[in-house]
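# Chain and residue survey
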Amino acid sequence: MNYHPSLPIFSPNRPTRNISILKNIVVFASGSGSNFQAIIDSIEKGDIEAKISGLIASRSGIGAIERANYHNIPHYVPSDEGSESSFSELLISKLVEWSPDLIVLAGFLKKIPSEVIEIYRNRIINIHPSLLPKFGGKGFYGKRVHKAVIDAGETESGCTVHFVNEHYDKGDIIRQQRVRVSHDETPETLAQKVLKEEHKLLPNVIAEILNKN
Ligand code: GRF
């Protein structure tokens, strides 16, 4: 048989290298992006076997975009100046391009259009800074959550990772981590305490979902 020596020979009996194709994560963020950073760090350490194909940011100028630029991760800010359906179309066309196996909402404050939830059902997760179903739903975000926990006299709080459905913070719970609320707790100290746990819980859940096969 004649063949060019520099060309590879493809034969069913020839051993091939095991090519592993990394899964894609798309992260959505609205703030400083410390949870986004925790995911980047876990990928770099090899704890999550995946790559981040892009960041969806709710507005320009946020810390999460700076982190994306630093790590050469593309970002996109879908305009919400048109109708709700045009926001949804912009989002879907970018997601089709980035082809996520998992979408991670890491402090994203805009509503996810129902069309997106429909297409990516059971492939969108969110991190929330309370022990859901307590202190979740519309209006419970940022410091408001921690203030409400303290005002209610709770002795423990924590964070929850859950699947996203059409209702705010109501999707199936995947995992939670608890923290103690001390007697002199302020919304600021509680936020710090919970955030520290978020940075461990979120990457762990992502690894559990994506490293399986
Ligand atoms: C976190 O507390 C998260 O639970 C909530 O928004 C905050 C985002 O913080 N959904 P960061 O932008 O990841 O620092």
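Scope of this entry: the structure provided in the associated data block. (Residues numbered from 1 in each chain as written. Predicted model: local features only at pLDDT ≥ 70, side-chain atom pairs only at ≥ 80, totals over all residues. Heavy atoms only, no water.)

Attention shifts here to the overall build of the chain. Within the chain, the regular secondary structure consists of six helices and seven strands. Counting from the amino terminus, helix and strand elements in the chain follow one another as β-α-β-α-β-α-β-α-β-α-β-β-α. For the chain, the spread of C-alpha atoms along the principal axes amounts to about 80 × 40 × 30 Å. Among the 213 residues that make up the chain, the fraction classed as buried is 43%. Taking as baseline every contact in the chain between residues at least 6 positions apart, the subset at least 24 positions apart corresponds to 66%. Of the accessible surface of the chain, which amounts to about 12,400 Å², a share of 51% is contributed by carbon and sulfur atoms. Considering the chain, the positive charge centre built from 25 side chains and the negative charge centre built from 25 side chains are found 3 Å apart. (Helix = DSSP H or I, 4+ residues; strand = E, 2+ residues; numbered from the N terminus. Buried < 20%, exposed > 50% of the residue type's maximum accessible area, 1.4 Å probe, protein only. Contact = heavy atoms within 4.5 Å. Areas by Shrake-Rupley, 256 points an atom, 1.4 Å probe, with all protein chains shown as cover. Lys, Arg positive; Asp, Glu negative; His and termini not counted. Charge placed at Lys NZ, Arg CZ, Asp CG, Glu CD.)

Moving on: the environment of Lys193. Considering the arrangement of structural elements, one finds Lys193 in helix H6 (residues 187-210). Accessibility expressed as a relative area gives 30% for Lys193, which makes it partly exposed. Placed 36 residues apart in sequence, Lys193 and Ser157 show a C-alpha to C-alpha distance of 9.6 Å. Other than its neighbours up to four places away in sequence, Lys193 contacts Val179, Arg180, Val181, Ser182 and Glu185. Of note is the side chain of Lys193, whose polar atom sits 2.6 Å from the side chain of Glu185. (Polar contact = N/O pair within 3.5 Å; in protein donor to acceptor, adjacent residues only side chain to side chain.)

What follows concerns the site of the ligand. Near the ligand, the surroundings consist of Gly31, Ser32, Gly33, Ser34, Asn35, Gly107, Ile127, Pro129, Leu195 and Glu198. Surface burial for the ligand is 81%, taken as the share of its 370 Å² of free accessible area covered by protein chains. Contributing elements (two or more residues each) for the shell around the ligand: helix H1 (34-45) and H6. Looking at side-chain class alone, the shell around the ligand contains three nonpolar, six polar and one charged residues. (Near = heavy atom within 4 Å. Nonpolar A, V, L, I, M, F, W, Y, C, P; charged D, E, K, R; others polar.)

Right, let's get into the sheet that holds strand S1 (residues 23-29). The sheet built from seven strands is open, its strands ordered S3-S2-S1-S4-S5-S6-S7 with mixed pairing. If you trace the sheet from one side to the other, it starts and ends with strand S3 (75-76) and strand S7 (173-180), each paired once. Pairing of strand S4 (residues 102-105) with strand S5 (residues 124-128) involves three bridges; the strand directions are parallel. Bridge assignment links Ile103 to a residue of S5, and that residue is Ile124. Contacting S1, strand S2 (50-57) and S3, helix H2 (residues 63-70) crosses the sheet at an angle of about 140° to S2. (Pairing = 2+ DSSP bridges. Axes fitted to C-alpha atoms, helices over the stretch in contact; angles between N-to-C directions.)

Every α-helix winds through 3.6 residues per turn, so residues three or four apart in the chain are directed the same way. For helix H3 (residues 84-98), built from 15 residues, the straight-helix expectation of 21 Å at 1.5 Å per residue is met to within 8% by its first-to-last C-alpha distance of 21 Å. Of the residues making up H3, those classed as buried are Phe87, Ser88, Leu91, Ile92, Lys94, Leu95 and Trp98. When H3 is viewed along its axis, its buried side chains cluster within an angular range of 165° and face the same direction. Summarising the geometry of H3, the exposed residues directed more than 90 degrees from the buried face are Glu89, Val96 and Glu97. Considering only its buried residues, H3 is in contact with S1, S2, S3, S4 and helix H4 (114-119). Of the residues one or two after H3, Ser99 is the one with positive phi, at around 45°. (Expected span 1.5 Å × (residues − 1). Arc of directions from axis to C-beta.)

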